[in-house]
Amino acid sequence: MQQYWAVKADPQYAGHLLLFQLGGFLEAFFEDAELLADTLGIVLTTRGLHLGRPVPMAGIPLATRDGHIARLVRAGVKVVICEQLDGISSAATRAAAELQAGTAAATGGAPPASPVPSAPQASAPASAPPPSTLMRRAVTRVVTQGTVVDDALLQPRSHNFLAAVAFGAGARAGIAWLDLSTGDFMVGGAPVSSLGTELAAFPPAELLLPLRGGASARPGPATSASASGTLTLEAAVRDAGGEVDRATAAMVAAARAGAGAPVDLFGGDVGGTTLTFLDAAQWSSGAASDAATTALDHALGWVSPSAAPTAAGGASSSSATAYRPAIPVTQLQYAAAAALLRYVAWTQLGRLPRIRPPTVLDIAAGAPAPTTDDGAVASLSPATVPSQPLPAQNTHAEVGVRLPSGGLPRLVVDAGTRRSLELTRPTFGRRRARGSLLHAIDACETAAGSRLLDARLCAPLADAEAIAHRQDGVASLLRDEALRSSVRSALSHVPDLERCLARLAVARGTVSD
């Protein structure tokens, strides 16, 4: 149990359910056992005594863990898995080597004397280690709702987004989204008052939010940042005058109540979003370069790896050269993306996933943001965004350069309109259920195609020429039945390469991958 307590006492795993491998089972103890038994509906037993009381224990078979972990994650439980690094035989071999080395040192290097024969002992398997031999164990996985990559934990035709929000002056927010299972990476921005509307376009399964360090800090990756990081959620809402949409109000209520079960922020689109609160210093873009910021700089195409975003959203450098990224982003967007990647690297034990250059989803400065959130159909406001990079002197504007539709304007659809139009889910039903527009039109041969259709439906085009161009492509396939059949036949043999590559990048690949 010393190994168990060493992991359980680690502050970065506070609030996580620890599954500790004992032979062919993953076991949980004390409060974790009670949570495990309650969530999975399994038997709660006891093992030994602690302070004179029986120790609650519950476990799941190692061979069927994926299904059980999937149920835990869907319930919003964050799971830490501590596994054996030795087999029984390797542990015995290591113990014997250590014993021989210790004996040799005690005898000055002379071979040990033959032991005095003793009474016969009960026979034991030759591979069994001495009773005092401890299996080496270590944390091998941290599993959360937004960082899963295993097929058993994912819906094949739906994205699984992790998002992070950074708050700044002027009641503005920067947002970053990442689907760890595909590498799809996006950044955006919105007024704090309509933060929920912007998040609803790509509803995250898990959302990272900042809290000030100290007693309220939540577990997560360690940071050496000396900067104060982002504003907290509640401070940003105060700056906005308290006028926020329903999803943002729900975030504030959850922050005050503490992390718990998933919160329905987006009308059931993702079955509830897990809110993860981290120290605000995680959002600091002024911290020393780490693996996360280095990966982000490469994804953004910075001219210099040491370049960092300024408050104006451009780049700064110690030299006289004017560095700027190929993809201009604001400081808030950069901070949100850096916090997100730090969290991902922590959950993947230092491994960063395969990520694509981020798509920028910003609303143009001055574009009206929808405010209706009562279920009625609101007016749709095009977010006009230039398709070319902005000139250096204008990089301070909260404007991006690329969109899922290829750098063209998109419609901003608030949560109430999304529900009323039943774009991705019917009024009474789950996402992609019969009755939704997505269910009606999704005839894609591949899971990746279905995810792309989903993303385009969530961010529809607002440019007539681009819409006509897309329709021309559809018409050409409708006219040529032979070509259409040939393409569909070829695609039917294509595996889900996006998710295969994502698993391999974080060392979770299988034989089929």
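Quick summary incoming for the structure in this document.

Definitions and limits used
Residues numbered from 1 in each chain as written. Predicted model: local features only at pLDDT ≥ 70, side-chain atom pairs only at ≥ 80, totals over all residues. Heavy atoms only, no water. Pairing = 2+ DSSP bridges. Helix = DSSP H or I, 4+ residues; strand = E, 2+ residues; numbered from the N terminus. Contact = heavy atoms within 4.5 Å. Axes fitted to C-alpha atoms, helices over the stretch in contact; angles between N-to-C directions. Expected span 1.5 Å × (residues − 1). Polar contact = N/O pair within 3.5 Å; in protein donor to acceptor, adjacent residues only side chain to side chain. Patch = residues over 30% accessible without salt bridge, like charges linked within 9 Å, V, L, I, M, F, W, Y side chains within 5 Å. Areas by Shrake-Rupley, 256 points an atom, 1.4 Å probe, with all protein chains shown as cover. Salt bridge = Lys/Arg side-chain N within 4 Å of Asp/Glu carboxyl O. Core = buried A, V, L, I, M, F, W, Y, C linked by side-chain atoms within 4.5 Å. Buried < 20%, exposed > 50% of the residue type's maximum accessible area, 1.4 Å probe, protein only. Parallel < 35°, antiparallel > 145°, perpendicular 65-115°, else oblique. Nonpolar A, V, L, I, M, F, W, Y, C, P; charged D, E, K, R; others polar. Phe/Tyr/Trp six-rings, centres within 6.5 Å; stacked < 30°, edge-to-face > 60°. Arc of directions from axis to C-beta.

**Some thoughts on the sheet that holds strand β11 (residues 274-279)**
- Spatial ordering of the open sheet is given by β11-β10-β7-β8-β9-β14, a layout of six strands whose pairing is mixed. The sheet is open, and its two edges are formed by β11 and β14 (359-360), each paired on a single side.
- As defined by bridge partners, strand β9 (residues 184-191) adjoins β14 across two bridges and the pair is classed as parallel. In the sheet register, V187 faces β14, and the bridge partner there is V360.
- Strand contacts of helix α9 (residues 331-347): β7 (161-168), β8 (172-179), β9, β10 (206-211) and β11, with the helix running at about 40° to β8, the strand carrying the most contacts.

**Description of helix α13 (residues 464-479)**
- Compared with an ideal rise of 1.5 Å per residue, which puts 16 residues at 22 Å, α13 spans 22 Å between its outermost C-alpha atoms and is within 8% of the ideal.
- Its side-chain oxygen placed 3.3 Å from the backbone nitrogen of E465, D463 serves as the N-cap of α13.

**Describing the side chain of S158**
- Relative to the assigned elements, S158 resides in the loop between β6 (137-143) and β7.
- Sequence-distant contacts of S158, that is, excluding residues within four places in its chain, are made with R431, R432, R451 and R499.

**Quick notes on a nonpolar patch on the surface**
- Residues L477, L483, V487, L491, V494 and L497 make up a contiguous nonpolar surface patch of about 450 Å² in total accessible area.
- A per-element tally of the nonpolar patch places helix α14 (residues 481-491) first, with three residues.
- Along the polypeptide, L491 turns up in helix α14.

**Details of the nonpolar core**
- By size, the foremost hydrophobic cluster in this structure holds 45 residues, and its most contacted members are L296 and L340.
- Of all the elements, α9 adds the most residues to this core, at 12 residues.
- V252, L265, F266 and C458 belong to the second-largest nonpolar core, a separate cluster that totals 35 residues.

**Comments concerning the packing of helix α2 (residues 30-40) against helix α3 (residues 65-74)**
- In contact at an axis separation of 10 Å, α2 and α3 are set at 95° when each is read in the N-to-C sense. One finds that α2 runs roughly perpendicular with respect to α3. Here L36, T39 and L40 of α2 lie close against α3, whose contacting residues are H68, R71 and L72.
- The class makeup of the residues in the contact of α2 with α3 is three nonpolar, two polar and one charged.

**Overview of the packing of aromatic side chains**
- Per the counting criterion, the structure on display carries eight aromatic pairs.
- Geometrically, the ring pair formed by Y13 and W346 is stacked, given 6.1 Å between the ring centres and 25° between the ring planes. Here Y13, found in the loop between α1 (2-8) and β1 (17-22), pairs with W346, found in helix α9; they are 333 residues apart in sequence, far enough to count as distant. For the pair Y13 and W346, a shared accessibility class is recorded, and that class is buried.

**Here's the deal with the pattern of salt bridges**
- Under the defined criterion, the tally for this structure stands at 11 salt bridges.
- Its salt-bridge partner being E498, residue R356 comes within 2.6 Å of it at the nearest N-O pair. Highlighted residues: R356 in the loop between α9 and β14 and E498 in helix α15 (residues 497-505), separated in sequence by 142 residues.
- Of the charged contacts in the structure, one is a salt bridge between D513 and R503, with a shortest N-O distance of 2.8 Å.

**Description of the sheet that holds strand β4 (residues 53-61)**
- The strand order across the open sheet built from six strands is β3-β4-β2-β1-β5-β6, with neighbouring strands paired in mixed fashion. Either end of the sheet is taken by a strand with one partner, and the two such strands are β3 (45-50) and β6. With strand direction ignored, the average angle separating the axes of adjacent strands in the sheet is 35°.
- In this sheet, strand β5 (residues 79-84) lies alongside β1 in parallel orientation, the contact comprising four bridges. What sits directly across from L18, in β5, is V80.

**Here we look at the pairing of β4**
- Across five bridges, strand β2 (residues 25-29) lies against β4 in antiparallel orientation. Looking at the pairing, F29 lines up with M57 of β4.
- As paired elements, β3 and β4 share four bridges and run antiparallel to each other. Of the residues in β4, the one forming a bridge with T46 is P56.

**Points about the environment of A63**
- Mapped onto the secondary structure, A63 falls in the loop between β4 and α3.
- Counting along the chain gives 37 residues from A63 to L26, while the straight-line C-alpha distance between them is 9.7 Å.

**Things to note about the environment of V55**
- Among the structural elements, V55 can be located in strand β4.
- On a C-alpha basis, the gap between V55 and F30 in space is 6.0 Å, while along the polypeptide they are 25 residues apart.
- Look past the residues within four positions of V55 in its chain and what remains in contact with it is F29, F30, T45, T46, R47, G48, L49 and H50.

**Some thoughts on helix α8 (residues 291-300)**
- Those residues of α8 lying buried are A292, T293, L296, D297, A299 and L300. Mapping the buried residues of α8 onto a view down its axis gives an arc of 160°, with all of them on the same face.
- Contacts from the buried residues of α8 go to β9 and α9.

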